[in-house]
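For reference, the chains in residue letters:
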Amino acid sequence: MFSSRLKHRNITKKIDKLFLASSNHRIDGGEKINTVGILSVDGISRMINIQDLVTSHLGLRNPKIYSFRKFDKNLESSYKHFSENDFNWKGEITDSSLLSFLEQPFDLLICFYTEKNMYLEYATLLSEAKLF
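A. Region of the structure containing helix 5 (residues 118–126). Summarising burial for helix 5: 7 of the 9 residues are buried, a large majority. Residues M118, Y119, L120, Y122, A123, T124 and L125 constitute the buried set of helix 5. Sitting at the amino-terminal end of helix 5 is N117, which places a side-chain oxygen 2.9 Å from the backbone nitrogen of Y119.

Okay, structure coming up:
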């Protein structure tokens, strides 16, 4: 319980710092979009096939998707999903597949979530994407 509150506090602080630092240097309007990454909540990505929509509407091939889902010990871990347990109490990411996704220099990062989600916001700000 205490470590959960500490994790939330640390991630919230990091989000504030990253938001201020990243707002200046992300947008480069003259480049063509070739690579797309998608961050979403698992429920949305199961209801809507976001990858097909991006492929058909933007004419891009093979967008990569990574989804947040609440931790459930009964669910099998996946390289396409992350949860709050993939962050330590300091707010650092412990899942290597999530780190690998965030380190990819996507031309565009699309974020789909209907409710405020601290973990998705944090992942968005840590991403190496040029435009989000």
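Okay, back to it.
B. Seen up close, the nonpolar core. By size, the foremost hydrophobic cluster in this structure holds 20 residues, and its most contacted members are I11, L39, F82, F87, L98, F101 and Y119. For this core, the elements supplying multiple residues, two or more each, are helix 1 (2–22), strand 2 (64–68), helix 4 (96–103) and helix 5. In terms of residue count, the dominant contributor to this core is helix 5 (6 residues). With sequence-adjacent residues up to four places away left out, F82 is seen in contact with L39, Y66, S67, F68, R69, F87, D95, L98, Y119, L120 and A123. Listed in part, the 9 residues of the second largest apolar core include I38, I44, L60 and L108.

C. Layout of the side chain of D95. Note on placement: D95 falls in the loop between strand 3 (81–82) and helix 4. Buried and unpaired, D95 has no salt bridge, with R69 as the nearest side chain of opposite charge at 9.4 Å. Within polar-contact distance, the side chain of D95 engages the side chain of Y66 at 3.2 Å. With near-sequence residues (within four places) excluded, D95 lies in contact with Y66, H81, F82 and D86.

D. Spatial organisation of the sheet that holds strand 4 (residues 108–112). Judged by pairing direction, the sheet is parallel, and its 4 strands sit side by side in the order 3-2-1-4 without closing on themselves. In this open sheet, the two edge strands, each paired with only one partner strand, are strand 3 and strand 4. By the bridge criterion, 5 bridges tie strand 1 (residues 36–41) to strand 2 in an arrangement that is parallel. Residue pairing for strand 2: L39 is matched across the bridge by Y66. Taken strand by strand, helix 5 contacts strand 1, strand 2, strand 3 and strand 4, and its axis lies near 165° from that of strand 1.

Rules used in this analysis
- Residues numbered from 1 in each chain as written.
- Predicted model: local features only at pLDDT ≥ 70, side-chain atom pairs only at ≥ 80, totals over all residues.
- Heavy atoms only, no water.
- Buried < 20%, exposed > 50% of the residue type's maximum accessible area, 1.4 Å probe, protein only.
- Helix = DSSP H or I, 4+ residues; strand = E, 2+ residues; numbered from the N terminus.
- Polar contact = N/O pair within 3.5 Å; in protein donor to acceptor, adjacent residues only side chain to side chain.
- Core = buried A, V, L, I, M, F, W, Y, C linked by side-chain atoms within 4.5 Å.
- Contact = heavy atoms within 4.5 Å.
- Lys, Arg positive; Asp, Glu negative; His and termini not counted.
- Salt bridge = Lys/Arg side-chain N within 4 Å of Asp/Glu carboxyl O.
- Pairing = 2+ DSSP bridges.
- Axes fitted to C-alpha atoms, helices over the stretch in contact; angles between N-to-C directions.

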